[in-house]
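One letter stands for each residue in the lines below.
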Amino acid sequence: MKTLESVSLKIIVILSLIIVLTLSTCGQSRNVNQSALNMNNISKPENPYYSHTDTTKLNLTDAEWKRILPEELYEVSRHAATERPFTGKYWNADIKGTYYCAACGRRLFRSEAKFASTCGWPSFFEQEDKKSTILRPDSSLGMERTEVLCGRCGGHLGHIFDDGPPPTGKRYCMNSIALDFIPDNE
Ligand code: FE
């Protein structure tokens, strides 16, 4: 009988071990999935002002922007440089997700408002919310245009034109460099 009891005890111990191991493995796979999701978050340790949730307006000096932004982004965002058409990351992107200001993280556009424009820059017919962007007359380069600035950091994003599709008829013509994109989680 004693032998039988000890065999039963061993079986119970082994079964317990299997259950514990199975549970911990499930936990690990959840962690793996979680870290895969976290890869969609954008981390910019060199830019302490970058946030997808803080909408407090930023008023930094040009020197501070120069210190914290990559050179190409600094030239577009702070000095209204324009990337060459058909060269940016997003001009023909067609994935569901959200576009943010690359300089400060402000939520700017949803992919549903993006349309296939032939201009070579990512184009949207409406901004995400009323305060996402600010519009300003721009008469540089001998043209009368309307500049689009980020509503939080005031950084240059591109220009807006009246040749967009319904329902707004607007075309926010943006520089890919000035945008970050996070795809929706499936
Ligand atoms: Fe911004």
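Look up a bit, the structure's there.
### Details of the sheet that holds strand S6 (residues 145–150)
The six strands lie next to each other as S3-S4-S8-S7-S6-S5, forming an open sheet whose pairing is antiparallel. Among the strands making up the open sheet, the edge pair consists of strand S3 (114–115) and strand S5 (133–138). Relative to strand S8 (residues 171–174), strand S4 (residues 123–124) runs antiparallel, the two sharing two bridges. The residue bridging Phe-124 from the neighbouring strand is Tyr-172, located in S8.

### A closer look at the sheet that holds strand S1 (residues 97–101)
Strand order in the open sheet made by the three strands is S2-S1-S9, with antiparallel pairing throughout. Sheet topology places strand S2 (107–110) and strand S9 (179–183) at the edges, where each strand pairs with a single neighbour. Direction aside, neighbouring strands of the sheet carry axes that sit 30° apart on average.

### Some words on the pairing of S2
Inspection of the sheet shows S1 paired to S2 by three bridges, in the antiparallel sense. Within S2, the residue paired with Thr-98 across the bridge is Arg-110. Turn length for the S1-S2 hairpin, with the two strands adjacent in sequence and antiparallel, is five residues, and the turn residue Gly-105 shows positive phi of about 90°.

Reading guide: rules and limits
- Sequence positions are assigned chain by chain, starting from 1 and proceeding in written order.
- Local features in this predicted model are restricted to residues of pLDDT 70 or higher, and side-chain atom pairs are both shown and tallied only at a pLDDT of 80 or more, whereas totals for entire chains, interfaces and linings draw on every residue.
- If DSSP finds at least two bridges between two strands, the strands pair.
- Helix and strand definitions follow DSSP, with helices as H or I runs of at least four residues and strands as E runs of at least two, each counted in order from the N terminus.
- For helices, the fitted axis covers only the stretch in contact; all axes are lines through C-alpha atoms, and the angles between them, taken along N-to-C directions, range from 0 to 180 degrees.

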